[in-house]
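Fold and contact review
Spelled out from the first residue to the last, the chains are:
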Amino acid sequence: MYDLIIIGAGPAGITASVYAARKRLNFMVITKDIGGQTAWSGDIENYTGYQFITGPELTVKFEEHMRRYNVQMREDEEIIKLQKMGSSVWLKTAKGEECEAKTAIIASGKTSRELNVPGEKEFKNRGLTYCATCDAPLFAGKEVAVIGGGNSGLDAALQLMKIAKHIYLINITPSLTGDPIMQEKVSESELVTVMNYTKVTSVFGDKFVTGVRVKREEKDEMLKVQGIFVEIGLVPNSKFVEGVEKNEWGEIKVNPYNETNVLGIFAAGDVTDVPEKQIVIAAGEGSKAALGVFKYLNHLR
Ligand SMILES: Cc1cc2nc3c(=O)[nH]c(=O)nc-3n(C[C@H](O)[C@H](O)[C@H](O)COP(=O)(O)OP(=O)(O)OC[C@H]3O[C@@H](n4cnc5c(N)ncnc54)[C@H](O)[C@@H]3O)c2cc1C
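Criteria and thresholds
- Residues numbered from 1 in each chain as written.
- Predicted model: local features only at pLDDT ≥ 70, side-chain atom pairs only at ≥ 80, totals over all residues.
- Helix = DSSP H or I, 4+ residues; strand = E, 2+ residues; numbered from the N terminus.
- Rg over C-alpha atoms; globule rule 2.2 N^0.38 Å.
- Near = placed C-beta within 6 Å.
- Nonpolar A, V, L, I, M, F, W, Y, C, P; charged D, E, K, R; others polar.
- Core = buried A, V, L, I, M, F, W, Y, C linked by C-beta atoms within 7 Å.
- Buried ≥ 20, exposed ≤ 12 C-beta atoms within 10 Å, placed from the backbone.
- Contact = placed C-beta atoms within 7 Å.
- Pairing = 2+ DSSP bridges.
- Axes fitted to C-alpha atoms, helices over the stretch in contact; angles between N-to-C directions.

**A look at the overall build of the protein chain**
Counting secondary structure elements, the protein chain contains 6 helices and 19 strands. For 301 residues, the compact-globule estimate of 2.2 N^0.38 gives 19 Å, and the protein chain sits close to it at 21 Å. With respect to the principal axes defined by its C-alpha atoms, the protein chain has extents near 65 × 40 × 30 Å.

The structure is reproduced here in structure tokens:
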């Protein structure tokens, strides 16, 4: 039986795997992808040691570091159930495989929140996307809408400013809420129209997106765009975790040692209730969780 299974290979899971490898634990990483949100982040200017690096570049660095330790990993796999069973942790994958380990670190992070308006599902990947870093280059010279005025929305607008013809930044709150430095850059651009107090009511098109309907201060408006970037925040990937305490937003509750309320189940990074969701924080939390697992296993022995 494995000492440890790590779920996720974002900054938290990858860092946990480096620490687990250095402690010579018998472990495996199971993950849907490598890099997590970092892979679709734009410009990163706050990860210590790099004054500037893009998300995809940092992901390559993370992966190289992990691979150096010959970490056993199953990629393109999704855990659909995790629970404590007897003295071990039991997991099931979407392919129906089951596995067991003495401990688990849940580092499954967050994914994009959906708009839940008519047309969203129909036009997903047909002009409507949740990833500016992945898809912005497809919209060169096009008119686009970015939905969301927080850090994700501003990050998307900043990336699109280098590519798109015009950007409508649709924001439901009275003013933008992202980092002031990003707000300044976006607000100063002639390419961006900021629409505060504005709510998306539907997405429309034929084969591909041709526009978005919005409600601004009770008035309906129609914007002709060929691309829509939904950037309205994230939800924790914690639905598959059973019997573990979560907060009202679904984040897994952890103590300063990354222990959950269930013995042997640890969690780290954005999926937890730690304040602030950042790469440097997720990486630090991943290392703490792996060291916590090491101590726990020593105690068991
Ligand atoms: C657009 C954008 C820009 C950002 N810019 C910055 C920035 O400039 N600086 C900064 O510090 N932070 C930034 N962040 C935040 C930062 O990316 C996150 O805080 C960080 O990636 C969290 O790391 P994590 O490992 O906890 O989770 P994630 O990065 O979300 O990784 C989760 C991992 O778990 C896997 N996974 C999820 N569910 C399952 C499952 N059921 N089974 C198996 N695997 C699963 C995923 O595939 C992924 O590999 C940005 C985020 C976004 C979205």
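**What about the site of the ligand?**
Lining the immediate surroundings of the ligand are 36 residues, of which Gly 8, Gly 10, Gly 36, Gly 109 and Gly 269 lie closest. Looking at the shell around the ligand, the elements with two or more residues in it are helix H1 (11–22), helix H4 (151–160) and helix H6 (279–300). Of the residues belonging to the shell around the ligand, the class tally is 14 nonpolar, 15 polar and 7 charged.

**Some details on the nonpolar core**
One recurring pattern in soluble globular proteins: nonpolar side chains tend to sit buried together. Ranked by size, the top nonpolar core spans 41 residues in total, and within it Ile 5, Ala 16, Ala 104, Ile 105 and Ile 106 carry the most contacts. Once residues lying within four places of it in the same chain are set aside, the contact partners of Ile 5 are Phe 27, Met 28, Ile 30, Val 89, Leu 91, Cys 99, Ala 101 and Ala 104. Within the second largest apolar cluster, 34 residues are counted, among which are Phe 123, Val 144, Ala 156 and Ile 228.

**Details of H4**
Among the 10 residues of H4, 9 are classified as buried, and the element is accordingly described as predominantly covered. Among all positions of H4, only Ser 152, Gly 153, Leu 154, Asp 155, Ala 156, Ala 157, Leu 158, Gln 159 and Leu 160 are buried. Those residues of H4 that are buried lie in contact with helix H3 (132–135), strand S11 (143–147), strand S12 (166–170), helix H5 (180–188), strand S13 (192–195) and strand S17 (227–230).

**Some points on the sheet that holds strand S15 (residues 209–216)**
The 3 strands lie next to each other as S14-S15-S16, forming an open sheet whose pairing is antiparallel. Looking at strand neighbours, the two that pair on one side only are strand S14 (198–205) and strand S16 (219–224), the edges of this open sheet. For this sheet, the mean angle separating the axes of adjacent strands, direction not counted, is 25 degrees. In this structure, S14 lies alongside S15, joined through 7 bridges in antiparallel fashion. Within the sheet, the bridge partner assigned to Val 200 lies in S15 and is Val 214.

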